[in-house]
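Understanding the architecture of this molecule
What follows is the residue order along each chain.
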Amino acid sequence: MVNVIPLSRPSIWPRVAVGLAAVAALALAAGAAFAGECPAGQRVADGQGQKPGPTAAVGVVDKVRASTDLAKEPAAIKGRQFRLRQLDIAPGGVVPWHSHNERPAMIYIVSGEVVEYASSCAVPIVHRAGDVAAEKNGTSHWWKNTGGTPAVLISVDLFPGDAQHDEHMM
(Lines give C-alpha, C1' and ligand atoms only; values in the text may rest on other atoms or scores of the structure.)
Protein backbone atom coordinates (compact mmCIF):
# COMPACT_ATOMS: atom_id res chain seq x y z
CA MET A 1 0.00 0.00 0.00
CA VAL A 2 1.27 3.43 -0.93
CA ASN A 3 0.58 6.35 1.36
CA VAL A 4 -0.37 9.45 -0.58
CA ILE A 5 0.36 12.72 1.12
CA PRO A 6 -1.77 15.51 -0.29
CA LEU A 7 0.19 18.50 -1.51
CA SER A 8 -0.86 21.72 0.08
CA ARG A 9 -0.24 25.26 -0.97
CA PRO A 10 2.80 26.71 0.81
CA SER A 11 2.06 29.32 3.44
CA ILE A 12 2.46 32.93 2.35
CA TRP A 13 3.57 34.03 5.83
CA PRO A 14 7.28 33.16 5.43
CA ARG A 15 7.38 35.40 2.34
CA VAL A 16 5.51 38.16 4.18
CA ALA A 17 7.99 37.90 7.06
CA VAL A 18 10.95 38.15 4.68
CA GLY A 19 9.35 41.16 2.95
CA LEU A 20 8.73 42.91 6.25
CA ALA A 21 12.30 42.21 7.33
CA ALA A 22 13.55 43.79 4.09
CA VAL A 23 11.41 46.87 4.67
CA ALA A 24 12.66 47.13 8.26
CA ALA A 25 16.25 46.93 6.98
CA LEU A 26 15.52 49.71 4.49
CA ALA A 27 14.02 51.82 7.25
CA LEU A 28 17.10 51.31 9.44
CA ALA A 29 19.36 52.14 6.53
CA ALA A 30 17.37 55.31 5.86
CA GLY A 31 17.89 56.45 9.42
CA ALA A 32 21.61 55.82 9.24
CA ALA A 33 22.23 57.15 5.73
CA PHE A 34 23.47 60.66 5.13
CA ALA A 35 24.19 60.27 1.42
CA GLY A 36 21.28 61.34 -0.69
CA GLU A 37 19.74 63.64 1.92
CA CYS A 38 19.30 67.39 1.75
CA PRO A 39 22.74 68.77 2.70
CA ALA A 40 23.18 70.29 6.15
CA GLY A 41 22.13 73.92 6.17
CA GLN A 42 20.09 73.57 2.97
CA ARG A 43 16.81 72.32 4.51
CA VAL A 44 14.11 74.99 4.23
CA ALA A 45 10.40 75.27 5.00
CA ASP A 46 8.19 73.22 2.69
CA GLY A 47 7.53 75.28 -0.44
CA GLN A 48 10.68 77.38 -0.05
CA GLY A 49 13.02 74.92 -1.78
CA GLN A 50 12.94 73.59 -5.33
CA LYS A 51 9.99 74.71 -7.40
CA PRO A 52 7.37 72.34 -8.84
CA GLY A 53 8.57 70.58 -11.95
CA PRO A 54 7.14 68.48 -14.75
CA THR A 55 3.64 67.10 -14.22
CA ALA A 56 3.94 64.06 -16.50
CA ALA A 57 6.21 61.04 -16.31
CA VAL A 58 8.82 60.68 -19.04
CA GLY A 59 10.85 57.52 -19.64
CA VAL A 60 9.64 55.76 -16.46
CA VAL A 61 8.41 52.18 -16.20
CA ASP A 62 6.49 51.81 -12.92
CA LYS A 63 5.74 48.20 -11.99
CA VAL A 64 3.89 47.17 -8.83
CA ARG A 65 5.73 44.05 -7.64
CA ALA A 66 3.47 43.32 -4.63
CA SER A 67 0.77 44.91 -2.53
CA THR A 68 -1.16 44.01 0.61
CA ASP A 69 -4.55 45.37 1.68
CA LEU A 70 -3.74 46.51 5.22
CA ALA A 71 -7.42 46.44 6.24
CA LYS A 72 -7.16 42.63 6.08
CA GLU A 73 -3.99 42.45 8.19
CA PRO A 74 -3.60 42.62 11.99
CA ALA A 75 -2.74 46.33 11.74
CA ALA A 76 -6.26 46.85 10.30
CA ILE A 77 -5.42 50.10 8.49
CA LYS A 78 -8.54 50.72 6.44
CA GLY A 79 -8.07 52.25 3.00
CA ARG A 80 -4.31 51.61 2.74
CA GLN A 81 -2.20 49.25 0.69
CA PHE A 82 1.34 48.31 1.66
CA ARG A 83 2.89 48.47 -1.80
CA LEU A 84 6.29 47.61 -3.29
CA ARG A 85 7.16 48.92 -6.75
CA GLN A 86 10.10 49.00 -9.11
CA LEU A 87 10.75 52.21 -11.05
CA ASP A 88 13.03 51.99 -14.07
CA ILE A 89 14.05 55.49 -15.16
CA ALA A 90 15.71 55.92 -18.55
CA PRO A 91 18.46 58.52 -19.04
CA GLY A 92 16.65 61.87 -19.15
CA GLY A 93 13.57 60.25 -17.58
CA VAL A 94 11.39 62.14 -15.12
CA VAL A 95 9.26 61.08 -12.16
CA PRO A 96 6.82 64.03 -12.09
CA TRP A 97 6.06 66.47 -9.30
CA HIS A 98 4.04 64.80 -6.52
CA SER A 99 3.43 65.00 -2.78
CA HIS A 100 3.88 62.53 0.06
CA ASN A 101 1.70 64.42 2.55
CA GLU A 102 -0.78 61.53 2.61
CA ARG A 103 1.53 58.69 1.55
CA PRO A 104 4.83 57.97 3.32
CA ALA A 105 7.39 56.02 1.32
CA MET A 106 10.96 54.74 1.31
CA ILE A 107 12.93 54.68 -1.94
CA TYR A 108 16.02 52.51 -2.34
CA ILE A 109 18.28 53.34 -5.28
CA VAL A 110 19.36 49.96 -6.68
CA SER A 111 21.47 51.26 -9.56
CA GLY A 112 22.22 54.44 -11.43
CA GLU A 113 21.87 57.99 -10.18
CA VAL A 114 18.90 60.35 -9.96
CA VAL A 115 18.49 63.95 -8.88
CA GLU A 116 15.63 64.96 -6.59
CA TYR A 117 14.14 68.46 -6.66
CA ALA A 118 12.41 68.76 -3.25
CA SER A 119 10.16 71.55 -1.99
CA SER A 120 11.97 71.47 1.37
CA CYS A 121 15.59 71.66 0.14
CA ALA A 122 17.30 74.74 -1.31
CA VAL A 123 19.47 72.64 -3.65
CA PRO A 124 18.89 69.54 -5.78
CA ILE A 125 19.70 66.24 -3.99
CA VAL A 126 21.77 63.59 -5.77
CA HIS A 127 20.82 59.97 -5.02
CA ARG A 128 23.26 57.20 -5.93
CA ALA A 129 23.07 53.40 -5.84
CA GLY A 130 22.76 52.26 -2.22
CA ASP A 131 21.06 55.45 -0.98
CA VAL A 132 17.66 55.41 0.72
CA ALA A 133 15.30 58.39 0.53
CA ALA A 134 12.61 58.76 3.19
CA GLU A 135 9.52 60.47 1.80
CA LYS A 136 7.01 61.73 4.33
CA ASN A 137 4.62 64.51 5.24
CA GLY A 138 6.06 67.79 3.98
CA THR A 139 7.76 66.17 0.98
CA SER A 140 6.75 67.35 -2.46
CA HIS A 141 9.26 66.70 -5.21
CA TRP A 142 10.17 65.42 -8.64
CA TRP A 143 13.11 63.29 -9.79
CA LYS A 144 15.22 63.20 -12.96
CA ASN A 145 17.80 60.74 -14.25
CA THR A 146 20.51 63.16 -15.39
CA GLY A 147 23.01 60.36 -16.06
CA GLY A 148 23.75 58.32 -19.14
CA THR A 149 22.56 54.96 -17.76
CA PRO A 150 19.16 53.74 -16.56
CA ALA A 151 18.36 54.09 -12.86
CA VAL A 152 16.47 51.40 -10.95
CA LEU A 153 14.58 52.29 -7.75
CA ILE A 154 12.56 50.19 -5.33
CA SER A 155 9.69 52.06 -3.67
CA VAL A 156 7.77 50.89 -0.61
CA ASP A 157 4.78 53.02 0.39
CA LEU A 158 1.42 53.14 2.16
CA PHE A 159 -0.75 53.80 -0.86
CA PRO A 160 -4.37 54.95 -0.46
CA GLY A 161 -6.13 51.69 -1.32
CA ASP A 162 -9.11 53.28 -3.01
CA ALA A 163 -7.01 55.63 -5.17
CA GLN A 164 -6.61 54.87 -8.83
CA HIS A 165 -3.02 54.67 -9.97
CA ASP A 166 -2.05 57.92 -11.58
CA GLU A 167 1.33 59.41 -12.34
CA HIS A 168 0.88 62.11 -9.68
CA MET A 169 0.89 59.37 -7.02
CA MET A 170 4.39 58.17 -7.96
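Along each chain, numbering runs from 1 in the same order as the chain's sequence is written. Whole-chain, interface and lining totals are the exception, using all residues; otherwise, since this is a predicted model, local features are given only for residues with pLDDT of at least 70 and side-chain atom pairs are given and counted only at 80 or more. To get the side-chain values, take all heavy atoms of the structure and skip hydrogens and water.

Describing the overall build of the protein
A run of DSSP states H or I qualifies as a helix once it reaches four residues; a run of E qualifies as a strand once it reaches two. Both are numbered from the N-terminal end. If you tally the helices and strands in the protein, you get 1 helix and 8 strands. Put simply, the protein runs from its N terminus to its C terminus through helices and strands in the order α-β-β-β-β-β-β-β-β. In this scheme, a residue with accessible area under 20% of its type's maximum is buried, one over 50% is exposed, and one in between is partly exposed, where area comes from a 1.4 Å probe on protein chains only. Taken across its 170 residues, the protein has 34% of its residues classed as buried. Contacts: residue pairs with any heavy atoms within 4.5 Å of one another. Within the protein, counting contacts between residues at least 6 apart in sequence, those at least 24 apart form 76% of the total. Using a 1.4 Å probe, accessible areas were evaluated by the Shrake-Rupley method; residue-level cover was limited to the displayed protein chains. Of the roughly 9,800 Å² of accessible surface on the protein, a fraction of 61% belongs to carbon and sulfur atoms.

Focus: the packing of aromatic side chains
For Phe, Tyr and Trp, rings pair up if their centres lie within 6.5 Å, where Trp contributes its six-membered ring, and each pair is then called stacked (planes under 30 degrees apart), edge-to-face (over 60) or tilted (otherwise). This model, assessed by the stated rule, comprises 1 aromatic pair. Relative to W142, the ring of Y117 has its centre 4.3 Å away and its plane inclined at 20°; by these criteria the two rings are stacked. Of this pair, Y117 sits in strand β4 (residues 113–118) while W142 sits in strand β7 (residues 140–144), and the two are 25 residues apart along the sequence. R83 extends its terminal NZ or CZ atom over the ring of F159, reaching a point 3.8 Å from the ring centre. Two thresholds decide whether a charge sits over a ring: the Lys NZ or Arg CZ must be within 6 Å of the ring centre and within 35 degrees of the ring normal.

Side note on the pairing of strand β5 (residues 125–128)
Because side chains alternate across β5, one face comprises the buried residues I125 and H127, and the other comprises V126 and R128, none of which is buried. Pairing between strands is defined by DSSP: at least two bridges between the two strands are required. In this structure, β4 lies alongside β5, joined through 4 bridges in antiparallel fashion. The residue bridging E116 from the neighbouring strand is I125, located in β5.

Focus: the side chain of T139
As for its position among the elements, T139 is in the loop between β6 (132–135) and β7. The exposure class assigned to T139 is buried, which follows from its relative accessible area of 10%. For T139, the residues in contact, after removing those within four places along its chain, are H98, S99, H100, N101, E116 and S119.

So, the environment of V95
Considering the arrangement of structural elements, one finds V95 in strand β2 (residues 80–99). Note: C-alpha distance between V95 and N145 (50 residues apart in sequence) is 8.8 Å.

Regarding the environment of P96
For P96, the position within the fold is in strand β2. When the C-alpha atoms of P96 and H141 are compared, they prove to be 7.8 Å apart, with 45 residues separating the residues in sequence.

Considerations on unusual backbone geometry
Phi is positive for A76, close to 50°, though the residue is something other than glycine. Looking at where A76 falls in the secondary structure, it is placed in the loop between β1 (58–69) and β2.

Description of the confidence of the model for the protein
Here pLDDT means the predictor's own confidence in every residue, given as a number from 0 to 100. Per-residue pLDDT for the protein averages 82, and the proportion of residues at 70 or more is 74%. Between residues 26–33, whose pLDDT stays under 50, and residues either more than four places distant or in other chains, the model counts 8 contacts.

With respect to the side chain of R80
Mapping R80 onto the fold places it in strand β2. For the buried R80, which has no salt bridge, the nearest side chain bearing the opposite charge is E102, at an N-O separation of 4.2 Å. One polar contact links the side chain of R80 to the main-chain carbonyl oxygen of L158, over a distance of 2.8 Å. This count recognises Lys and Arg as positive and Asp and Glu as negative, with His and chain-terminal groups excluded. Any carboxyl oxygen of Asp or Glu within 4 Å of a side-chain nitrogen of Lys or Arg constitutes a salt bridge here. In protein, a polar contact requires one atom able to donate a hydrogen and another able to accept it; more generally it is a pair of N or O atoms within 3.5 Å, and residues adjacent in sequence count only if both atoms are side-chain atoms.

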